[in-house]
Amino acid sequence: MSARTVARFALLTALAMVLSWVEVLLPLPTIIPGVKLGLTNLVVLFALYRLETRSAWCLSILRVLLVAFTFGNAFSLWYSLAGAILSLLVMMALKATGKFSVTGVSVAGAVCHNLGQILVAMAVLRSAAVAYYYPALLLSGTVAGICVGLAGAVLVRRIPL
Amino acid sequence: MKHRCDLLVILLPLLAAGLLFLLLRPSGAGQYVLVTVDGAEVGRYPLHEDRTVTIGEADYNILEIRDGSAAVTDANCGDHTCVRTGQIRRAGETIICLPHRLVVKIIGGGEGTVDAVSGGGIA
Ligand SMILES: [Zn+2]
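Thresholds applied
- Residues numbered from 1 in each chain as written.
- Chains lettered and ligands numbered in written order.
- Predicted model: local features only at pLDDT ≥ 70, side-chain atom pairs only at ≥ 80, totals over all residues.
- Heavy atoms only, no water.
- 1 Å grid on protein atoms, 1.4 Å probe; cavity = no way out; pocket = protein on both sides within 12 Å on 5 of 7 lines; lining within 4 Å.
- Points joined across faces, edges and corners; volume = space filled by probe spheres on them.
- Helix = DSSP H or I, 4+ residues; strand = E, 2+ residues; numbered from the N terminus.
- Nonpolar A, V, L, I, M, F, W, Y, C, P; charged D, E, K, R; others polar.
- pLDDT = per-residue confidence, 0-100.
- Contact = heavy atoms within 4.5 Å.
- Buried < 20%, exposed > 50% of the residue type's maximum accessible area, 1.4 Å probe, protein only.
- Pairing = 2+ DSSP bridges.
- Axes fitted to C-alpha atoms, helices over the stretch in contact; angles between N-to-C directions.
- Parallel < 35°, antiparallel > 145°, perpendicular 65-115°, else oblique.
- Buried area = accessible area lost by both parts, 1.4 Å probe.
- Salt bridge = Lys/Arg side-chain N within 4 Å of Asp/Glu carboxyl O.
- Polar contact = N/O pair within 3.5 Å; in protein donor to acceptor, adjacent residues only side chain to side chain.
- Left-handed = near helix turned anticlockwise from the far one by under 90°.

Quick look at empty space enclosed by the protein now. A water-sized probe, rolled over the atoms, reveals where empty space remains. All names here are of chain A. Per the counting criterion, the structure on display carries 1 cavity of 30 Å³ or more. As a volume, the largest cavity reaches approximately 30 Å³. What lines the largest cavity is T13, A16, V43, L59, L62, R63 and L66. Every element with two or more residues in the lining of the largest cavity is listed here: helix 1 (3-25) and helix 3 (53-70). The element best represented in the lining of the largest cavity is helix 3, accounting for 4 residues. Looking at the lining of the largest cavity, its residues break down into 5 nonpolar, 1 polar and 1 charged.

Dropping the structure here:
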């Protein structure tokens, strides 16, 4: 790994930390632990378009671990991990088709992030009761996905990394 | 617009949200508070009788039913998402405690009769 790669990586990881801190500060009702807006997806989105796929995976897993150990608890780690993996898989697939813009890929990623978390929550609780909150999550996920996507598109175009 | 598929990926979640909302929306007034741990019913209490129940022993959640609404007022789960959910009163509303795999759900009179039979029966 070159020094340049390490520096990029450190920078993006730091950005992910700042974004998750912003997320914690937002007074959103949290019904299910670990379910948040997904602002850190900005970093993964950027890595997906501007670095190799391997970096996107590393960053995605790293942000989940960092956030869980800094702001959350070990328990919410598994939900976040499930969401992050599903989200990145879908984003990679949509990007590969070439039919979606950065914003479109971002929205799909955000929605799938919440979907992964809800599915794991359902499995753990052995109850579909969590689904009651899914419409609200879909809505917030879509809106957050659009915002992150628009910001991501600008970054992908402008940042000379 | 160059990426016409974008609209699809934005409209689809919104459509799904709308549909799910209509399907899952509260079905009238709440009658009972249904408590499940690990998917199994551990208690069912009338919503309009005030009481305080401690669910679990080592892993506990304090369920308070008062003035027609239910709330988890204390728990040793660590994240306290269940406590922060606050009061629920309408059928379909739930309080979830993931660390304790606990679901507290408000159900209507007609709903959940199958559960009522398996759970000991409530007329
Ligand atoms: Zn709890």
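Once you've had a look at it, read on.
All names here are of chain B. Per-residue confidence for chain B gives a mean pLDDT of 83; residues scoring 70 or more make up 85%. Counting interchain partners and residues more than four positions distant, the pLDDT-below-50 stretch residues 112-123 has 11 contacts. In the model output, the complex is listed with pTM 0.79 alongside ipTM 0.74.

This part takes up the pairing of strand 6 (residues 94-97) of chain B. Residues and elements named next belong to chain B. What you see with strand 6 is no split at all: T94 and I96 on one side and I95 and C97 on the other are buried throughout. Here strand 6 runs beside strand 7 (residues 102-107); their pairing, made up of 4 bridges, is antiparallel. Residue pairing for strand 7: I95 is matched across the bridge by V104. Counting the residues that bridge the hairpin from strand 6 to strand 7 gives 4 residues, and of these R101 lies at a positive phi of roughly 50°.

This part is about the pairing of strand 3 (residues 51-55) of chain B. All names here are of chain B. Sheet analysis places strand 3 next to strand 4 (residues 61-66), joined by 5 bridges and oriented antiparallel. Within the sheet, the bridge partner assigned to V53 lies in strand 4 and is L63. Counting the residues that bridge the hairpin from strand 3 to strand 4 gives 5 residues, and of these G56 lies at a positive phi of roughly 80°.

Right, let's get into the packing of helix 1 of chain A against helix 2 (residues 41-50) of chain A. Residue and element names in this part refer to chain A. Running from N to C, helix 1 and helix 2 cross one another at 155°; their axes reach a closest spacing of 8 Å. By the angle between their axes, helix 1 is roughly antiparallel relative to helix 2. Contacts between helix 1 and helix 2 involve L12, L15, A16 and L19 from the former and L42, V43 and F46 from the latter. Looking at the contact of helix 1 with helix 2 residue by residue, the classes come out as 7 nonpolar, no polar and no charged.

A word on the interface of chain A and chain B. Contact residues are listed per partner, giving 32 residues for chain A and 30 residues for chain B. In total, chain A and chain B occlude about 2,700 Å² of area from one another, counting both sides; carbon and sulfur atoms represent 72% of this. Across the chain A-chain B interface, the total number found is 0 salt bridges. One can count 2 residue pairs in polar contact (both at pLDDT 80 or more) joining chain A with chain B. At the level of secondary structure, the elements contributing two or more residues to the side of chain A that touches chain B comprise helix 4 (74-97), helix 5 (102-125) and helix 6 (134-158) of chain A. Among the elements that line the side of chain A that touches chain B, the one with the most residues is helix 5 of chain A, at 7 residues. Class assignment of the residues belonging to the side of chain A that touches chain B gives a composition of 23 nonpolar, 7 polar and 2 charged.

Moving on to the sheet that holds strand 7 of chain B. All names here are of chain B. Overall, antiparallel pairing links the 4 strands, which are arranged 2-1-7-6 in an open sheet. Both outer strands of the open sheet, strand 2 (40-46) and strand 6, are each paired with one neighbouring strand and no more. Strand-to-strand twist of the sheet, defined as the mean angle between neighbouring strand axes without regard to direction, takes the value 15°. Bridge count for strand 1 (residues 32-37) against strand 2 is 6 bridges, and the pairing is antiparallel. Across the sheet, V35 pairs through a bridge with G43, a residue of strand 2.

All names here are of chain B. Read from one edge of the open sheet, 3 strands run 3-4-5, paired in antiparallel fashion. Looking along the sheet, the strands with just one partner apiece sit at the ends: strand 3 and strand 5 (69-75). With direction set aside, neighbouring strand axes in the sheet form an average angle of 25°. The pairing of strand 4 with strand 5 spans 6 bridges and is antiparallel. Counted as the bridge partner of L63 is V72 from strand 5.

One way to put it is that helix 5 of chain A packs onto helix 1 (residues 5-24) of chain B with a least axis distance of 8 Å and a crossing angle of 25°. Classified by the angle between their axes, helix 5 of chain A and helix 1 of chain B sit roughly parallel to one another. In this structure, helix 5 of chain A crosses over helix 1 of chain B, and the sense of that crossing is left-handed. Residue-level inspection shows A:G104, A:V107, A:A108 and A:V111 of helix 5 of chain A in contact with helix 1 of chain B, the latter providing B:D6, B:V9, B:I10 and B:P13. Residues of the contact of helix 5 of chain A with helix 1 of chain B, tallied by class, amount to 6 nonpolar, 1 polar and 1 charged.

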